[in-house]
Amino acid sequence: KGEYTYEVTNEFLKECGITINEAYFNAISFESSTKTEVNANQVPFSIEIATCISIILMFGLAYSISRDNETKVSKSIAYIPLSTSKYLWAKIIPYFILGMLELFLGLVIGGLFFKIDYQLNPVIIFLLSSFFVFATIMLGMLFGCCKSQIASLFLCMGVIIIPIFAVTMI
């Protein structure tokens, strides 16, 4: 209805000798920097990469720590010469390396199979993505503090699935 009204009004004004500057109605225009069209497979790629990284890191770490809480491994640490901070670093470092490796593989797959042209330097992409990976690990550790493995997994699912549902519905 809005387009029809615009067309009719524009034709009427042209008959009266009044022309409308189209630039006022198209204030912003987007164009690709590489002059290639965006493929439908490229749009959800960032959501898929973030979801895969979140699922593996958050579920894995939350499950691992909550399992250690249930089996009393965390209390056994008090009797060995391993401090709690070293125990937590021993959990964080492998997951961080796994997350960065997964990110690297995802970017390679996106470039090769989905023909995504990255506009930033790969080093900057990795530095910015390392914050995301670290934040995901910290959320996994937070949810791992639950006494039950099931509760920690439900919290992880809520944090991952609710934003995806919101994005896909909008």
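Residues numbered from 1 in each chain as written. Predicted model: local features only at pLDDT ≥ 70, side-chain atom pairs only at ≥ 80, totals over all residues. Heavy atoms only, no water.

Caption draft 1: Fine view of the overall build of the chain. For the chain, the count of helices and strands is six helices and zero strands. For the chain, the α and β elements follow one another from N to C terminus as α-α-α-α-α-α. The buried share of the chain, taken over its 170 residues, is 25%. Pairs at least 24 apart in sequence give 77% of the contacts found in the chain among residues at least 6 apart. Taken as a whole, the chain presents about 12,200 Å² of accessible surface, with 71% of it coming from carbon and sulfur. (Helix = DSSP H or I, 4+ residues; strand = E, 2+ residues; numbered from the N terminus. Buried < 20%, exposed > 50% of the residue type's maximum accessible area, 1.4 Å probe, protein only. Contact = heavy atoms within 4.5 Å. Areas by Shrake-Rupley, 256 points an atom, 1.4 Å probe, with all protein chains shown as cover.)

Caption draft 2: The arrangement of the layout of surface pockets in detail. What the second largest pocket holds in volume is close to 190 Å³. Surrounding the second largest pocket, 13 residues form its lining, A50, S54, V159, I160 and P163 being those nearest its centre. Counting only elements with at least two residues in the lining of the second largest pocket, the list comes to α2 (45-70), α5 (122-143) and α6 (149-169). (1 Å grid on protein atoms, 1.4 Å probe; cavity = no way out; pocket = protein on both sides within 12 Å on 5 of 7 lines; lining within 4 Å. Points joined across faces, edges and corners; volume = space filled by probe spheres on them.)

Caption draft 3: Representation of a nonpolar patch on the surface in the model. A surface patch of nonpolar side chains, amounting to about 680 Å² of accessible area, comprises L101, F104, L105, V108, I109, L112 and F113. Mapping I109 onto the fold places it in helix α4 (residues 84-113). According to the relative accessible area criterion, I109 is partly exposed, its value standing at 39%. (Patch = residues over 30% accessible without salt bridge, like charges linked within 9 Å, V, L, I, M, F, W, Y side chains within 5 Å. Salt bridge = Lys/Arg side-chain N within 4 Å of Asp/Glu carboxyl O.)

Caption draft 4: Spotlight on the packing of α2 against α6. Contact geometry for α2 and α6: axes closest at 8 Å, N-to-C directions at 165°. When the axis of α2 is compared with that of α6, the two are roughly antiparallel. Classified by chirality, the crossing of α6 by α2 is right-handed. Contacts between α2 and α6 involve I47, T51, S54, I55, M58, F59, A62, Y63, S66, R67 and E70 on the former and, on the latter, Q149, S152, L153, C156, M157, V159, I160, I164 and V167. The class makeup of the residues in the contact of α2 with α6 is 13 nonpolar, five polar and two charged. (Axes fitted to C-alpha atoms, helices over the stretch in contact; angles between N-to-C directions. Parallel < 35°, antiparallel > 145°, perpendicular 65-115°, else oblique. Left-handed = near helix turned anticlockwise from the far one by under 90°. Nonpolar A, V, L, I, M, F, W, Y, C, P; charged D, E, K, R; others polar.)

Caption draft 5: Representation of a negative patch on the surface. A contiguous patch of negative charge on the surface is contributed by E3, E7, E11, E15 and E22. Residue classification places E3 among the exposed residues on the basis of a relative accessible area of 63%. (Lys, Arg positive; Asp, Glu negative; His and termini not counted. Charge placed at Lys NZ, Arg CZ, Asp CG, Glu CD.)

Caption draft 6: Fine view of α5. In a regular helix each residue adds 1.5 Å, so 22 residues correspond to 32 Å; α5 covers 31 Å between its end C-alpha atoms and thus fits that length. Taken residue by residue, α5 has I125, S129, S130, V133, T136, I137, G140, M141 and F143 as its buried positions. Where the residues of α5 are buried, they touch α2, α4 and α6. (Expected span 1.5 Å × (residues − 1).)

Caption draft 7: Geometry of α6. The terminal C-alpha atoms of α6, which comprises 21 residues, lie 30 Å apart, in line with the 30 Å expected from a rise of 1.5 Å per residue. Turning to α6, the residues buried within the fold contact α2 and α5.

Caption draft 8: Focus on the nonpolar core. I53, L57, L61, L103, V133, I137 and M141 are the most contacted members of the largest nonpolar core, which has 16 residues in total. Looking at this core, the elements that each hand over two or more residues are α2, α4 and α5. When sequence neighbours within four positions are dropped, the list of residues in contact with L103 reads I49, I53, F126 and S129. Listed in part, the five residues of the second largest apolar core include M58, A62, F143 and C156. (Core = buried A, V, L, I, M, F, W, Y, C linked by side-chain atoms within 4.5 Å.)

Caption draft 9: Focus on the side chain of S66. The topology assignment puts S66 in helix α2. Assessed through its relative accessible area of 0%, S66 is described here as buried. Only 2.8 Å separates the side chain of S66 from the backbone oxygen of A62, close enough to count as a polar contact. Look past the residues within four positions of S66 in its chain and what remains in contact with it is G144, C146, S148, Q149 and S152. (Polar contact = N/O pair within 3.5 Å; in protein donor to acceptor, adjacent residues only side chain to side chain.)

Keep in mind these values describe shape, not function.
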